[in-house]
Each structure stands twice: as structure tokens, then as C-alpha cells.
Amino acid sequence: MNVKKPFIQHKNKTILYILHDGGGGTVHTTNDLAAEVSAYYHCFILKFGLAHCNLFQVESQTSKLIGSYQFTSEWRVHHDLDHERTQFVSAIIKSIHPDIVHTRTFICSSTALLPIFKKNDICVINSFHDFHLICPNIQLVDYAGSFCGGDCNRNEAAGDPHQDCPVSKKWFKDMPPLRNQFQKIYAGRNQDHLRLSDAFIVTSLSTQAVIMANFPDLTNHAFHIIEHGRDFTTFNRHRRRSTPPSTNIVFFGALNKPKGLDLVDALLDADLDQHFTIHILGNPNTPYFDAMRAKGAVLHGSYTREKLPLLIDYINPFLALIPSIWPETFCHTLTESWALGIPVLGSDLGAVGERIRKHGGGWVLPPTDAYVWHEKILSILDGKADYQAQLEAISRMEFKTSAQMAQEYVHIYNTLLPCTDETATGAPSTITESPAVPSNINEPRNFFLEKAKYHINRKHWEIAEEILEKLFHETGHATPADAYWLLSIAYRRQNKIEKAVDIISKGMIEFPAHPSVIKEHKFLFDYLRNNACPARNVRSP
């Protein structure tokens, strides 16, 4: 592997994230986390594919590929970690010298990496985003279509006892028999390796319960609960009316059987008089969807996180469905629904049930009887359910940002490593959803500046403005030079020319020789001259 030598300041520590080269919430959240943590630590992400691996360095909110390797054979979950992959990981360790390895998934790699990390005196943290370490089935939804909890015989009466459980054909190829055979070997092997970890992170209490039930040897290890953070810059949760605005329902996400496709299909059968229309946003290749279209569902196909608000505006749903038949570990779809101002009818299992019961914003039902779900939907439409109360609960919610999520992780990282003057203190992990803008101004000023640059690079002008104005308010004359020209850009791009003029003029007084202040001052001066703006003149550079 030809790895470009990364720039490392030895006064700081290095974190290596282990990930698979796939998609979905785990990948998005890991990328968000590394981008934020890079303000405190040197961050790298090692993404394993079936027959390749890519190493990324994350600096100043930007991820850059610095090395790649092609393996001579494809990964198989039932094979031992081969010599080639062992040597490859050892070479990575020698190249970047991680102080912490944070494993986010072991798909396409192996828990057999943990002894290698510990042999090199590296702290190891493991996150559980699903249950793939208990069984390659991942969601523990068995051959009978029911949640098994990791017990191969739990639902034996519900189906053919000789039928095996489904797995993702993309990741788990050439699988040996799973039920009561390889699953037990696999889970036992993973438990033995996981005992080497220094800490575990989950996103809900129900997730921890499932993990500890299957891995009892981890009972005395440290578990931390950190809910995911998201930056909702284009979402609007305050636009919904006090009564259902339409008869449209939205069902979206990475849709499959564990997400409740069977129940939604049965729900369409139950709604013979078509009291409502179900709009489906997700993988259009799912075999179910043609039949659902014939029953009246509207299919919108795949979508991106960025396009979701536009699609929701177009559909204008009064309700979102999350009928998962497995205990989801967090559920980004629930967060997105609330951030878009949509009450949710969700499964009472796992984090979906936990969060709705805790925060409101919807109703929970067992994901078993479509006719019960149908009756509940009709009661919401008829005004018999407390629809207004759920809207008000959503309006009171404060969503944890990516930066605040990172603070909780940094706190854990720092408890495992000696905290130096250059390393941020971080915030204790919590299950409470937090305000949208960092509230603790005692965090390093550089962190606020990096956060502002991140949002300016993504054209989130209002968020950058809010962060920088708070920094100015708290630091006064101690405000760094970068804050002046960054805030001027944020104002200018929102056409707040008077404010941009004021702040960059003050910047020229405080930092007359600073290159970026001079550059922004000249740009604004030229802009005013060329556009004949009525704002008062900037002092000529």
C-alpha cells in the first residue's frame, strides 16, 4: 500500500475509525463524527470493502483519500482473518500510530483485529449500530420474519425448523448453515475478542440490553449511551398545520423486511376504501414495490439526505410510518421525520418506541397487526387522536448537532487518554437531545472557527452567522481575526451588506495586516463599487 505520509503534530493524539465501504446511517454518522472530532484529534477512517481497503485522512471537516489497497481474495465472514489483512492493518498502525481505534462496524473486517490493536498498546472503543456481531443476519429477524433476539430457537414454531435465516447477499457470501451452527461459533468468537475493548458505545438502552443478553462476558465493561447528532439546515419542523394537512402518509428510509415492508403491504390491503395514500421513498428495486403500486401506493424511488426536505414538501404528509419489526438501535428516519415536523406512528420496539415514549411526537403500536395500525390512522384522520399535542411536542424538541455529538465522544476519548493542554475537554455523554448551537463558550475558540468554516463551505450562512455572533458576544476584543472575515462572508452571502461592512471595517482596525481580513475587505469594497450598493462606504484598502 502506497500511503502518503500524513501531517501529524505529535502534540495531539490520533484516532483511527474502522468502517465498511458501504452506505446508510452508520457511514453518514461516522463521517460526520470524524469531521467534527478532527478539530481536536488527528482523524483517519479505514474503510474495508470485500476485496479492498481505503484510508482517509480527515482534516478541517474534509476527508481525503491518502491510500488504497487491493486484497488478493474477497472477505468472508466465516473465514479467519488472513495473513494479508493482518499485515495490512499492522502496516497502517506503523504508518499513522493511532492512540485510539474506534470500531464502528466489523463488516468486511473482523473482531480478530482487536488483539492486534491491544498488542500495540492502542485504546479500543467499539460502537454497536446493529447486531451483526451477534449474527450475520444483522437485525436478528429470523427465517419466520420475527425478531429472535439472538436465540435461534425462539420462534421455531412459526416456520420450518430446517429453514435458515436470511443474510445480506452483498456482504455475506457462501455462508455456512447459520441457525444453531455457525451463529453460535461466530457470536462466541466475537465475544472473546470484544472483551479486549476499553469501552462500548450504544445509542439506546434497548440496544445495550440486547448486546448484554448475547454477550454476558461484557456485563462489567463500560457502556456509554450517545444518541446520534445531525445538522438540519434545510429542514423545517414548524410548518405543519394544527390538523392533518392532507391524507398522505410517508414511509421512507433504507426499506426492507426488517423495516416493516410486510406490515405496510398489509396496511394497503386493509385500506380498501382508500382513506389515505402511502408515499414510499426508498430503494425502487425491492420486489414488494410493484405489488404496492398496484394497491395504490405512490413510489418516489431513491433519495438523498439533501433532497429529502424537497420531497416531503411535495408530498405534504400528515404522518410518517416506522413499523420496524426489529429493535432499531437509534433510527435516523425518526429524527428526520420530527425535524420535518411530521408526527410518527412507530413500532413499540427498540429505540423507536423508547424515543417516542420519551419525547412524544407520535404514537407506538406493536408491529404485528396491520388492521390495528389502520384503525389508529383513521382515528388520527378523524381528529380522535391527540394530533395537536404531538405537533406541539415536536415543536419543543431540540436536536443534538453533530458538533455536540462529537463533544460527547471527545469526553470519552479523553477519559481513556491523558488530557493535554492541546486536547479539548469534551462533554459527558448523555441521552438528552441538545440545542442547535454550541452553548459552552469555554470550548476552544478554534473549534468555533472550524465549525463556522465548515458551515460556510457548505453555504449554511445563517448557522455560521449564529456561531460567530455568539463568539463575538462572549470574547469581545479577544475575538480572533478569522472571526471577522468569516462573519463578513456570512453576512454578505445573505445580502446583509450593512452588517458585513461594519464587521470587516472593525476587522481592518483590529487586524490591519491580516491577509484574509484584507482580502475580504477588498472583495467587499469592490463589490460595493461595482454594484453601487447604498451601504456606507468601506475604508478603501
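These figures come from a predicted structure and were not determined experimentally. (Residues numbered from 1 in each chain as written. Predicted model: local features only at pLDDT ≥ 70, side-chain atom pairs only at ≥ 80, totals over all residues. Heavy atoms only, no water.)

Turning our attention to the overall build of the protein chain. Regarding its fold elements, the protein chain presents 18 helices and 14 strands. A burial count over the protein chain gives 55% of its 541 residues as buried. Nonlocal contacts in the protein chain, meaning residues at least 24 apart in sequence, comprise 66% of its contacts between residues at least 6 apart. Of the roughly 23,400 Å² of accessible surface on the protein chain, a fraction of 50% belongs to carbon and sulfur atoms. (Helix = DSSP H or I, 4+ residues; strand = E, 2+ residues; numbered from the N terminus. Buried < 20%, exposed > 50% of the residue type's maximum accessible area, 1.4 Å probe, protein only. Contact = heavy atoms within 4.5 Å. Areas by Shrake-Rupley, 256 points an atom, 1.4 Å probe, with all protein chains shown as cover.)

The subject of this paragraph is the pairing of strand β9 (residues 248–252). Consecutive residues of a regular strand have side chains that alternate between opposite faces of the sheet. Taken across its 5 residues, β9 has 5 buried, putting it largely inside the fold. In β9, alternate side chains face the same way, and those of Asn248, Val250 and Phe252 on one face and Ile249 and Phe251 on the other are all buried. Pairing of β9 with strand β10 (residues 277–281), which is carried by 5 bridges, proceeds in the parallel orientation. Within β10, the residue paired with valine 250 across the bridge is histidine 279. Of the crossover connections in this fold, the one passing from β9 over helix α6 (residues 261–270) to the parallel β10 is right-handed. The pairing of β9 with strand β12 (residues 319–322) spans 2 bridges and is classified as parallel. Looking at the pairing, valine 250 lines up with alanine 320 of β12. (Pairing = 2+ DSSP bridges. Right-handed = clockwise from strand over helix to strand, strands pointing away.)

Here the structure, examined in full by the defined rule, presents 17 aromatic pairs. Measuring from ring centre to ring centre gives 6.3 Å for phenylalanine 48 and phenylalanine 88, while their planes differ by 80°; the resulting arrangement is edge-to-face. On the criterion of sequence distance, the pair formed by phenylalanine 48 in strand β2 (residues 42–48) and phenylalanine 88 in helix α2 (residues 83–96) is long-range, its members being 40 residues apart. The pair phenylalanine 48 / phenylalanine 88 is uniform in exposure class, with both members buried. An aromatic cluster is defined as three or more aromatic residues linked by ring pairs; in this entry it consists of Phe48, Tyr69, Phe71 and Phe88. (Phe/Tyr/Trp six-rings, centres within 6.5 Å; stacked < 30°, edge-to-face > 60°.)

Here serine 488 is to be found in helix α16 (residues 481–493). Once residues within four sequence positions are removed from consideration, serine 488 is found in contact with Ala500, Ile503, Ile504, Glu520 and Leu524.

So, on to the packing of α16 against helix α17 (residues 497–510). Geometrically, a packed helix pair is captured by the angle between its two axes and the distance between the axes. Direction vectors running N to C along α16 and α17 enclose 165°, while the axes themselves pass 8 Å from each other. In terms of their interaxial angle, α16 and α17 are classed as roughly antiparallel. Here the hand of the crossing between α16 and α17 comes out left-handed. Contacts between α16 and α17 involve Tyr484, Trp485, Leu487, Ser488, Tyr491 and Arg492 from the first element and Ile497, Lys499, Ala500, Ile503, Ile504, Lys506, Gly507 and Glu510 from the second. (Axes fitted to C-alpha atoms, helices over the stretch in contact; angles between N-to-C directions. Parallel < 35°, antiparallel > 145°, perpendicular 65-115°, else oblique. Left-handed = near helix turned anticlockwise from the far one by under 90°.)

A few words on the sheet that holds strand β14 (residues 362–365). Pairing is parallel in the open sheet, where 6 strands are placed in the order β11-β10-β9-β12-β13-β14. Taken across any chain shown, the strands that pair with only one partner, and hence form the sheet edges, are β11 (298–301) and β14. Averaged over all pairs of adjacent strands, the angle between their axes in this sheet comes to 25°, without regard to strand direction.

What follows covers the pattern of salt bridges. One pass over the structure, following the stated rule, counts 18 salt bridges. Note that lysine 173 is salt-bridged to glutamate 74, the shortest N-O span being 3.5 Å. Note that lysine 173 is positioned in the loop between β6 (123–127) and α4 (178–194) and glutamate 74 in the loop between β4 (62–70) and α2, a separation of 99 residues in sequence. Classification of glutamate 74 as partly exposed rests on a relative accessible area of 34%. Ionic pairing is found between arginine 230 and glutamate 336, a salt bridge with its closest N-O pair at 3.1 Å. (Salt bridge = Lys/Arg side-chain N within 4 Å of Asp/Glu carboxyl O.)

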